[in-house]
Amino acid sequence: MKKAAAYARVSTTGRSQEHSFEFQSRYWNQTLGNSEEYEYVGLFADKGISGKLMNRRPRFLALMDLCNENGVDIIFTKSVQRFARNTEELLKIVRGLREKGIAVYFEKENINTMDSKGEVLLTIMASLAQQESQSLSQNIKLGLQYRFQNGEVRVNHSRFLGY
């Protein structure tokens, strides 16, 4: 039996993301936990952490450590954007795992990194995920800039209580 792990991530701790996080966790625990095809080694999940940089996601790093110890044969994840939001880093990780014989399966996009067309599709999807992240960031900046120009200045003063 192949050893399977799952990875889940949400970037914020907001209410809408809480549902997604719980759904991802429950889904993988049930699907892989009851699988007769895989030996489920566990769920690795980061909550409230951006997918931009791998080194800021402790559970992702723990998963990579387990992969380095030959404790995983395949990683399942909901989508490319749950796994990583940085195209260069994503491809580096996936290629390194593939060299070790470890597949990553992105369920939403139906991409298996061991498949010959997997890397081309993954590159496209990763670029889109990274662009979406950058676009969202730009929209937030423009919104703040617009409010400043209209004299609507909001300061989160609760962070400064006690000073």
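See the structure above.
Residues numbered from 1 in each chain as written. Predicted model: local features only at pLDDT ≥ 70, side-chain atom pairs only at ≥ 80, totals over all residues. Heavy atoms only, no water.

1. Some words on the overall build of the protein chain
For the record, the criterion: Starting at the N terminus, helices and strands are each numbered in turn, a helix being any DSSP run of H or I of at least four residues and a strand any DSSP run of E of at least two. Partly exposed describes any residue whose relative accessible area lies between the buried limit of under 20% and the exposed limit of over 50%, with all areas from a 1.4 Å probe on protein chains only and scaled to the type maximum.
In terms of regular secondary structure, the protein chain is built from five helices and five strands. Sequence-ordered secondary structure for the protein chain, helices as α and strands as β, is β-α-β-α-β-α-α-β-β-α. Burial status across the protein chain gives 36% buried among its 163 residues.

2. Describing the sheet that holds strand β5 (residues 111-112)
Operational definition: DSSP-based pairing: two strands are paired if at least 2 bridges between them are found. Whether two residues touch is decided by their heavy atoms; if any such pair falls within 4.5 Å, the residues are in contact. Simply put, an axis is a line fit to the C-alpha atoms, just over the touching stretch for a helix, and the angle between two N-to-C directions goes from 0 to 180 degrees.
Strands sit in the order β2-β1-β3-β4-β5 across an open sheet of five strands; the sheet is mixed. Edge positions in the sheet fall to β2 (38-47) and β5, since each of these pairs with one other strand and no more. Of the strand pairs in this sheet, strand β3 (residues 74-77) and strand β4 (residues 103-106) are connected by four bridges, and their pairing is parallel. From the neighbouring strand, Thr-77 faces β4, where its bridge partner is Phe-106. Sheet strands touched by helix α2 (residues 58-68): β1 (2-10), β2 and β3. Its angle to β2, the strand with the most contacts, is close to 150°.

3. Notes on the layout of surface pockets
To find leftover empty space, a probe the size of one water molecule is rolled over the atoms. Applied cut-off: Throughout, the protein atoms alone are placed on a 1 Å grid, and a set of points is a cavity if a 1.4 Å probe fits but cannot get out or a pocket if it is open with protein on both sides within 12 Å along at least five of seven lines; lining residues have an atom within 4 Å of a point. Grid points are joined across faces, edges and corners, and a volume is the space filled by probe spheres set on the points. Residues are sorted three ways: Asp, Glu, Lys and Arg are charged, Ala, Val, Leu, Ile, Met, Phe, Trp, Tyr, Cys and Pro are nonpolar, and all the rest, Gly among them, are polar.
Estimates place the volume of the second largest pocket at around 180 Å³. Lining the second largest pocket are Met-54, Met-64, Asn-68, Glu-89, Lys-92, Ile-93, Gly-96, Leu-97 and Lys-100. At five residues, the largest contribution of residues to the lining of the second largest pocket is made by helix α4 (residues 87-99). Partitioned by chemical class, the residues of the lining of the second largest pocket number four nonpolar, two polar and three charged.

4. What about α4?
Rule in force here: Multiplying 1.5 Å by the residue count of a helix minus one yields the expected span of that helix.
For α4, which comprises 13 residues, the first-to-last C-alpha distance of 18 Å matches the rise-based estimate of 18 Å (1.5 Å per residue) to within 8%. All buried positions along α4 are accounted for by Thr-87, Glu-89, Leu-90, Leu-91, Ile-93, Val-94 and Leu-97. At the exit of α4 stands Gly-101, carrying a positive phi of roughly 85°.

By themselves these figures say nothing about function.
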